[in-house]
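So the chains spell out like this:
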Amino acid sequence: METFKVLFVDDEVDFLETLLKRMKKRQLNVFGVNSGEAAMAYLKQHYVDIVVLDVRMPGMDGIETLRNIKKISPLTEVIMLTGHACLEIAQEGMELGAFDYLMKPINIDELLYKLQDAFQKKSIQQEKIQRLKEVMTARPSAMSDSRTV
Amino acid sequence: MKKLRDIFRNLFSCNSPPEDPATVEKLRVAFKERYHNFKLLLSANNRSLEVMAEMEQALQGEETFGMPFIRSSATSISVNVFRMVQNLHQLAPGKYLELNERFTAIQNAIDGILKQTRSIPEVRMVLPLSALDKDMADVAGSKMANLGEVRNRIHIRTPAGFVITSSAFKRLMDYNNLQTEIDRRFQSIESGDIESLYTFSAAAQQLIIRARIPDDLEMAIRNAWEDLEAENGESITAAFRSSALGEDSEGSSFAGQYRSELNVSFENVFQAYKEVIASKYSLQAITYRMNKGFRDEDILMCVGCLVMVKAASGGVIYSRNPVSGQDDGVSINAVWGLPKSVVDGSVATDVFVMSRTRPITLLHKSIGIKERKFVCYPQEGVCRMDLSAEESTQPCLTDRQTGQLAELALRIEAHYGTPQDIEWAIADNGAIYILQCRPLQQIAGVQEPADILDTKLEKRLLVSGGITASPGFATGRVYWVDRNVDVLAFPEGAVLVARQALPRWASLLGRASAVITEQGGFAGHLANVAREFGVPAVFGIPGVSNMIQQNQMVTVNANRRSIYDGVIPAPSGPPKTRVNRMAGSPIYEMLKNISTHILPLRLLDPDSPEFNPSRCNTFHDITRFIHEKSVIEMFNFGKDHNFSERSSKQLFYKVPMQWWVLNLDDGFREEVSGKYVRLENIDSIPMQAFWRGFVSIPWEGPPAIDRKGLMAVIYQSTTNTALTSGVRSAYAERNYFMISKHYCSLSSRLGYHFSTIEALISERPRENYVCFQFKGGAADNTRRLKRVYFIKDILQESGFRVETREDHLVSRIENHDMAYMEKRLEILGYLTLHTRQLDMIMAHPASVAYYDQKLRQDIQTLLAAH
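Residues numbered from 1 in each chain as written. Chains lettered and ligands numbered in written order. Predicted model: local features only at pLDDT ≥ 70, side-chain atom pairs only at ≥ 80, totals over all residues. Heavy atoms only, no water.

## Notes on the overall build of chain B
Secondary structure assignment for chain B yields 25 helices and 32 strands. Buried positions account for 59% of the 866 residues belonging to chain B. In chain B, once contacts between residues fewer than 6 apart in sequence are set aside, the share between residues at least 24 apart is 66%. (Helix = DSSP H or I, 4+ residues; strand = E, 2+ residues; numbered from the N terminus. Buried < 20%, exposed > 50% of the residue type's maximum accessible area, 1.4 Å probe, protein only. Contact = heavy atoms within 4.5 Å.)

## Regarding the overall build of chain A
Along chain A, the regular secondary structure elements total six helices and five strands. Reading the helices (α) and strands (β) of chain A from amino to carboxyl end gives β-α-β-α-β-α-β-α-β-α-α. Per-residue burial over chain A gives 54% buried out of 149 residues. Intrachain contacts of chain A at a sequence separation of at least 6 include 62% that bridge at least 24 residues. Surface accessibility of chain A: about 6800 Å² in total, with carbon and sulfur atoms responsible for 51%. (Areas by Shrake-Rupley, 256 points an atom, 1.4 Å probe, with all protein chains shown as cover.)

## Brief notes about unusual backbone geometry
Residue and element names in this part refer to chain B. Omega for the bond connecting R358 with P359 falls within 30 degrees of zero, at -5°, which places this linkage in the cis form. Inspection of the secondary structure puts P359 in the loop between β9 (350–354) and β10 (362–366). The phi torsion at H155 lies on the positive side, around 55°, for a residue other than glycine. Tracing the sequence through the fold places H155 in the loop between α5 (137–152) and β2 (161–164).

## A look at the environment of L397(B)
Residues and elements named next belong to chain B. For L397, the position within the fold is in the loop between α13 (389–393) and α14 (399–416). For L397, a relative accessible area of 6% puts it in the buried group. Between the alpha carbons of L397 and A312 there is a distance of 9.8 Å; along the sequence they are 85 residues apart. Sequence-distant contacts of L397, that is, excluding residues within four places in its chain, are made with S313, I332, A334, F352, T402, L405, W424 and I426.

## What to know about the sheet that holds strand β28 (residues 743–748) of chain B
Whenever strands of a sheet pair, they do so through backbone hydrogen bonds, lying parallel or antiparallel. All names here are of chain B. Taken in spatial order, the nine strands make up an open sheet running β26-β24-β25-β27-β28-β29-β30-β32-β31, and their pairing is mixed. With partners counted over all chains shown, the strands left at the sheet margins are β26 (676–678) and β31 (801–805), one partner each. Strand after strand, the sheet turns through a mean of 20° between neighbouring axes, direction not considered. When strand β27 (residues 735–739) meets β28, the two strands line up antiparallel, connected through four bridges. (Pairing = 2+ DSSP bridges. Axes fitted to C-alpha atoms, helices over the stretch in contact; angles between N-to-C directions.)

## With respect to the packing of helix α11 (residues 283–292) of chain B against helix α17 (residues 525–533) of chain B
Residues and elements named next belong to chain B. Packing of α11 against α17 leaves a shortest axis separation of 12 Å and a crossing angle of 20°. By the angle class used here, α11 and α17 are roughly parallel. Classified by chirality, the crossing of α17 by α11 is left-handed. Residue-level inspection shows Y288, N291 and K292 of α11 in contact with α17, the latter providing V529, E532 and F533. In terms of residue class, the contact of α11 with α17 is made up of three nonpolar, one polar and two charged. (Parallel < 35°, antiparallel > 145°, perpendicular 65-115°, else oblique. Left-handed = near helix turned anticlockwise from the far one by under 90°. Nonpolar A, V, L, I, M, F, W, Y, C, P; charged D, E, K, R; others polar.)

## Thoughts on the pairing of β27(B)
In terms of residue burial, β27(B) counts as a mostly covered element, since five of its five residues are buried. Connecting the antiparallel pair β27(B) and β28(B) is a turn made up of three residues.

## Let's talk about the pattern of salt bridges
A side chain of one charge can pair with a side chain of the opposite charge when the charged atoms of the two come close. All chains considered together, the criterion is met by 54 salt bridges over all chains. Linking E423(B) and R241(B) is a salt bridge whose minimum nitrogen-to-oxygen distance equals 2.9 Å. One end of the pair, E423(B), is in strand β13 (residues 420–427); the other, R241(B), is in strand β3 (residues 238–244), and 182 residues separate them in sequence. R241(B) gets classed as buried once you look at its relative accessible area, which sits at 8%. We note a salt bridge from R624(B) to E628(B), for which the minimum N-O separation is 3.4 Å. Taken together, the residues R624(B) and E628(B), both in helix α19 (residues 619–640) and four residues apart, mark about one turn of the helix. Each member of the pair, R624(B) together with E628(B), is buried. Connected through salt bridges with shared partners, the residues D10(A), E12(A), R56(A), K104(A), E181(B), R184(B) and R185(B) form a single ionic network. (Salt bridge = Lys/Arg side-chain N within 4 Å of Asp/Glu carboxyl O.)

## Side note on the sheet that holds strand β20 (residues 514–517) of chain B
Residues and elements named next belong to chain B. As summarised here, the arrangement of the eight strands in space is β16-β23-β22-β18-β19-β20-β21-β17, forming an open sheet in which the pairing is mixed. A single partner strand is all that each edge strand has here, and the edge strands are β16 (461–464) and β17 (467–470). Along the sheet, successive strands turn relative to each other by an average axial angle of 30°, direction set aside. Sheet analysis places strand β18 (residues 473–481) next to strand β19 (residues 495–498), joined by four bridges and oriented parallel. Bridge pairing links V478 to V495 in β19. Strands in contact with α17 are β17, β20 and β21 (537–539); relative to β17, the strand with the most contacts, it is inclined by about 60°.

## Comments concerning the packing of aromatic side chains
Residue and element names in this part refer to chain B. On inspection of all chains with the given rule, the structure shows 27 aromatic pairs over all chains. Ring centres of F38 and Y743 lie 5.3 Å apart, and the angle between their planes is 90°; this geometry places the pair in the edge-to-face category. Residue F38 is found in helix α2 (residues 21–58), and its partner Y743 is found in strand β28; the two are separated by 705 residues along the sequence. For Y743, a relative accessible area of 0% corresponds to the buried category. Taken together, the ring pairs connect Y653, W659, F690, W691, F694 and F737 into an aromatic cluster. (Phe/Tyr/Trp six-rings, centres within 6.5 Å; stacked < 30°, edge-to-face > 60°.)

## Here we look at the interface of chain B and chain A
Counting residues at the interface gives 49 residues for chain B and 40 residues for chain A. Across the chain B to chain A interface the summed buried area is about 4200 Å²; carbon plus sulfur atoms make up 60%. Of all residues in chain B, the largest losses of buried area upon contact with chain A belong to R184(B), R764(B) and R766(B), amounting jointly to 16% of the total for that side. One salt bridge in this structure joins E181(B) and R56(A), with 3.7 Å as the shortest N-O distance. (Buried area = accessible area lost by both parts, 1.4 Å probe.)

## Thoughts on the pairing of strand β5 (residues 301–307) of chain B
Residue and element names in this part refer to chain B. The buried count for β5 comes to seven of seven residues, which makes it a mostly enclosed element. As paired elements, β2 and β5 share four bridges and run antiparallel to each other. The partner of G161 across the bridge, within β5, is L306. For β3 and β5, the ladder comprises seven bridges, and the chain directions are antiparallel. Looking across to β5, one finds that A244 is bridged to M301.

## Side note on helix α3 (residues 62–72) of chain A
Among all positions of α3(A), only G62(A), I63(A), T65(A), L66(A), N68(A), I69(A) and K70(A) are buried. Among the residues of α3(A), the N-terminal cap falls to D61(A), whose side-chain oxygen and the backbone nitrogen of I63(A) are separated by 3.2 Å. (Polar contact = N/O pair within 3.5 Å; in protein donor to acceptor, adjacent residues only side chain to side chain.)

## Thoughts on the packing of helix α4 (residues 87–95) of chain A against helix α3 (residues 67–91) of chain B
Look at α4(A) against α3(B): their axes get within 9 Å of each other, and the N-to-C directions meet at 25°. As judged from the angle between their axes, α4(A) and α3(B) are roughly parallel. Along this stretch, α4(A) crosses α3(B), giving a crossing that reads as right-handed. Together, L87(A), A90(A), Q91(A), M94(A) and E95(A) of α4(A) and A74(B), T75(B), S78(B), V79(B), F82(B), R83(B) and Q86(B) of α3(B) make up the contact between the two elements. Residue composition of the contact of α4(A) with α3(B), grouped by class: six nonpolar, four polar and two charged.

## Quick notes on the confidence of the model for chain B
Residues and elements named next belong to chain B. Looking at chain B, pLDDT values average 83 and 86% of them are 70 or higher. At the low end of the mean pLDDT range in chain B sits helix α1 (residues 2–12), at 45; at the high end sits β2, at 96. Note that residues 7–18 has pLDDT below 50 and, in this model, 23 contacts with residues that lie over four places away or in other chains. Low pLDDT (under 50) marks residues 716–729, which in the prediction has 22 contacts with non-local residues, meaning those over four places away or in another chain. Note on the complex model: pTM 0.68, ipTM 0.81. (pLDDT = per-residue confidence, 0-100.)

## Concerning the nonpolar core
If you look at the biggest cluster of nonpolar residues, it comprises 112 residues, and the most contacted ones within it are F240(B) and Y273(B). I69(A), A58(B), F625(B) and V631(B) belong to the second largest nonpolar core, which has 81 residues in total. (Core = buried A, V, L, I, M, F, W, Y, C linked by side-chain atoms within 4.5 Å.)

As C-alpha cells, this is what we get:
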C-alpha cells in the first residue's frame with residue numbers, strides 16, 4: 001500500500017510519544033501534536049491524509065476539532081481514539097463524519113488496519129472526483145445527457 | 001458534495017452497455033467503491049459480533065468486569081452498528097432508511113440505562129452525629145449512620161462528631177469536574193494489567209488531593225468543627241474515617257478498603273478529608289470494587305469526623321464466631337493503645353472469648369505478645385511505641401472490662417438482630433467508646449473427615465499453627481509479598497505469604513489461591529476480605545518464612561491450620577466453590593439490562609415477512625438484517641449492471657460446473673470477457689481453499705437409503721416450499737460465489753439443504769473469519785435435526801463455535817492466521833460435498849457410525865495435507 005500521512009492529536013504526552021514510536025516502526029509517516037488548536041494550525045500548513053483524534057482535551061475538544069477539520073478539508077479522514085467511552089459523544093462524532101470511534105487501550109495492529117481502511121476510502125473518493133473532473137472537462141455534454149436518462 | 005454524488009450516480013444508472021473507455025473506468029471506480037463499502041460493513045459486522053460474544057461471556061458471571069467494560073462494549077457495538085447502517089445506505093441509497101429510527105431507539109434505551117445513577121437526597125453538606133440513625137445511610141454512609149444508631153437509639157457511648165455527607169462529596173467532585181476525568185483515565189486500563197491500574201490509582205488519588213474544596217463546603221466543615229469544640233469545652237483533635245455509600249450491600253464488607261486519618265488537628269482537617277476521599281481509589285479499593293462488581297460512581301464517600309479518644313486499650317469484638325458451627329462465644333480482640341493494630345493485622349492480639357448467656361463468663365483467653373502499641377501525640381498524629389517485655393505479655397483488659405464489652409456487644413446484636421463486628425476503645429479514664437459497628441459476615445465452616453490425617457500426609461507437613469482466618473483448601477506456588485511493588489508481580493493462583501496481615505494485600509485476593517501470614521488475627525480487614533472471597537487463609541504462624549521457600553508448591557489446609565509440601569488432593573466432601581462475585585452485583589445487573597437491547601436475535605429467517613427493519617429490536621437484529629441485505633445488494637448491483645467485466649461467470653473446472661462466480665473487486669487474475677471463468681484464473685484465497693476441500697476426496701454417491709428414508713425425502717421435497725426456488729432472491733437460486741482476493745461468499749443449494757459460507761481471509765488475523773450457516777434438508781424433522789447435531793460435532797472439533805436452533809445451524813471461527821483459516825474452509829468444502837443427503841441415513845445407527853468415522857478420517861487427511 002502507498003504511504004500516507006497521519007497526524008495524531010492527544011494531550012497525553014506519554015501516550016502520544018509511545019504511539020508515534022510504534023507507528024514509525026511500522027513505516028508510517030506520522031506527526032503528533034498535543035491539542036486541537038495545534039492540530040488546526042498544523043493542518044493549515046501541511047498536507048495530511050488521516051487525523052487520529054483524542055476526544056477529551058483541554059481547550060478545543062475532539063468533537064470541535066473534528067468539526068473544524070471537516071470544514072477546511074472534508075476529504076481528510078478522521079479517526080477518534082479515546083479513553084472516553086461515551087455513547088452520545090461517539091454518536092456525535094460518527095454523525096460528523098468520523099471514520100471510526102475507537103477506544104483505548106487499542107491493539108496497535110487494529111489501529112493500523114483502520115488507518116489503511118480509512119486511507120483506501122479517501123483514495124477512492126479522490127479517484128472518483130478526479131474521474132468526474134475529467135468527464136466534465138472532456139465531455140461537457142455528458143452531464144446533461146446522463147441527467148435526462 | 002451531495003450534488004456531485006447525485007450527478008455521479010446518474011452517470012451509472014443507464015442500463016445500456018457502456019462502450020467508451022472513460023465510462024468503463026468510471027464503472028470500475030464505482031464497483032471498487034461499493035466493494036470497499038461492503039468490506040467496511042463486513043469488518044464492522046465482524047467487530048460487533050466479537051464484542052457481543054465478549055458480552056455474552058461476561059454474562060456467564062465467572063470473570064470480573066467493571067463499568068469501563070460495559071461502557072466500552074456498548075459504545076463499540078453501537079459505533080460499529082452505526083457504521084453498518086451507513087455502509088448499507090451507501091450500497092442502497094434510501095432503501096433502508098427505517099433502520100435509522102430503529103438504531104436510534106435502541107441506542108437511546110441503552111444510553112438511558114447507562115446514565116442511571118444513584119439518586120441521593122439533597123441534604124446539608126455536614127450533619128452532626130446526634131442527628132443520625134441507621135436509616136440515613138444514603139446521606140451519611142453506612143458506617144456513620146450505624147454509629148448514630150448506637151449513640152441515639154441504643155444509647156451507648158460514642159465519641160461526639162459529625163459527618164461530611166454524600167452531598168458534600170458530590171459538591172467536591174462536581175466543583176473540580178473530577179468524575180469525568182477519572183472515568184476517562186480508568187477506561188484506558190487493560191483488564192488484568194495491574195501495573196497500569198497502579199498508575200491510575202496514584203493519579204486518581206493525586207487529582208483528589210490537589211482538588212480545591214469549594215468555599216461553601218469549607219465553611220460548613222469549619223462551623224461544625226467549632227461547634228464540636230464548643231461542646232467539648234476545649235480544643236480537640238479528631239479521627240477522620242471513611243463512611244462510604246454502597247458499602248451496605250449484602251455480603252460486602254468493604255473491610256479496610258479505605259483510609260482513616262487519626263488524631264488530626266484543625267490545621268489539617270481539609271487535607272485529611274481529601275485523603276480519606278482519595279482512598280476510594282486506593283489499589284485495594286479499586287480491585288475490591290472490580291471483583292465485587294460495584295460501579296465506581298455508585299460509591300459516594302462520606303467522611304466521619306469523631307473526637308479522638310486517647311485510648312488506653314482498644315480492639316474489635318465479634319458478637320459471634322465468623323465461621324459458623326465453631327465455638328460460639330463473643331470474642332474480644334484487644335491491644336494496648338489505639339485499636340488500629342487489630343484491624344490492620346500488624347500486631348499479635350489478646351483474644352477473650354466470653355459466653356453469650358448471662359451471667360457472662362470468660363470461656364477462654366489467649367494472651368498475645370504485643371510488641372508495640374499506637375498512641376496519640378498530644379498535638380497531632382499517632383506514634384508507634386515499643387512495649388517492654390513485661391507490658392507486652394500483660395493482658396490489656398481486666399475481667400470487669402471484658403464483661404462490660406461483651407455486654408455491650410450483646411446489646412448491639414440484640415438491637416440489630418444479626419451478629420455484629422464492633423470496634424471499640426477504652427479511654428484513660430476507663431470510659432468505653434464504640435467507634436464503629438457493622439454486620440458480621442458469617443461463613444459456613446467445613447466439617448472434615450478425620451481420616452485424612454494419615455501418616456503419609458504427616459510426612460509432608462511443613463508447618464502447622466496459627467489460626468484459621470478463612471477456611472478452605474488450596475494448592476499453589478508460594479509467593480512472598482513484602483513491599484508494595486510485589487503486588488505488581490504477584491502471579492495468578494499463587495499462595496500469598498506475608499509477614500503481616502496488612503489490608504493492602506487485599507488487592508491480591510482476587511488472584512491468590514490462599515494466604516499465610518506470620519502475624520494477624522481473624523478480626524483484621526484482610527481476614528474479612530479473605531472470608532468474603534472464599535480464599536483459605538491461615539494467619540499468625542510465627543517463623544513461617546523459614547519453613548517454606550519462594551516458589552515452592554504447597555497445599556494449604558486452612559481448616560487444619562496446616563501447610564504441606566507439594567500437591568495434595570482435596571479432602572473428600574463437597575467441592576470447594578469459589579464465591580461467584582459478579583452475579584447479582586449492580587454491575588452485573590446493569591450489563592444484563594443493557595444486553596437485552598443488544599444480544600437477543602429474533603430475525604432468523606430471511607425468507608420470512610418478519611425479516612424487515614421494523615422488526616429489529618436489538619443491535620444483533622440490525623447486524624443480522626444488514627448483513628443479509630448487503631450481500632443481496634452487492635449481488636444485485638452486479639446483476640443489474642450490464643457490465644461484462646462484472647457480470648457473473650460460470651465456473652469452468654475441467655467442464656462447466658453448476659457454480660457461478662461474481663467478481664466483486666480483485667477476485668480474478670485477469671479480466672474475463674466471455675461466459676466462463678476458469679478455476680486457474682480465480683485469485684480468491686478463500687474460494688480456492690473451499691474448492692480444494694470440495695474436490696479433495698471424491699464423493700461416494702448418495703448413501704444407500706432405506707425405503708422409509710426415501711419416502712421421507714420425496715414427501716418433504718414436495719411440501720417444503722422453502723426448498724423450491726422463487727421464494728428467495730436470485731442469489732439463492734443457484735450456487736453463487738461472490739469473491740474478491742480476500743473474500744468469498746457462497747450460497748449453495750446442494751441436495752435439499754441450503755447453506756451459506758462467508759469468509760474473509762487476509763494478512764490481518766484480527767479481521768479473519770469464516771462463517772457457515774446451514775438449514776433444512778428434505779427428510780423429516782427428526783432426521784434433519786440429527787444431521788444438524790452430527791455436523792455440529794464435527795465443526796466443533798474443528799474449532800468452530802456452533803449454535804443450533806431447530807434445523808438451523810450457525811457456526812463461526814475468527815482471528816486465526818491465514819493458513820489455519822484456509823484449512824477451515826477446506827473442511828467446509830469437504831463437508832459441503834459429503835454431508836448432502838446424509839439426513840436420509842440418520843435413523844440408522846450403523847450407517848451413522850460408518851459416516852461418522854469416514855468423515856473424521858477424511859478431515860484428518862485433509863488437515864495433514866499441504
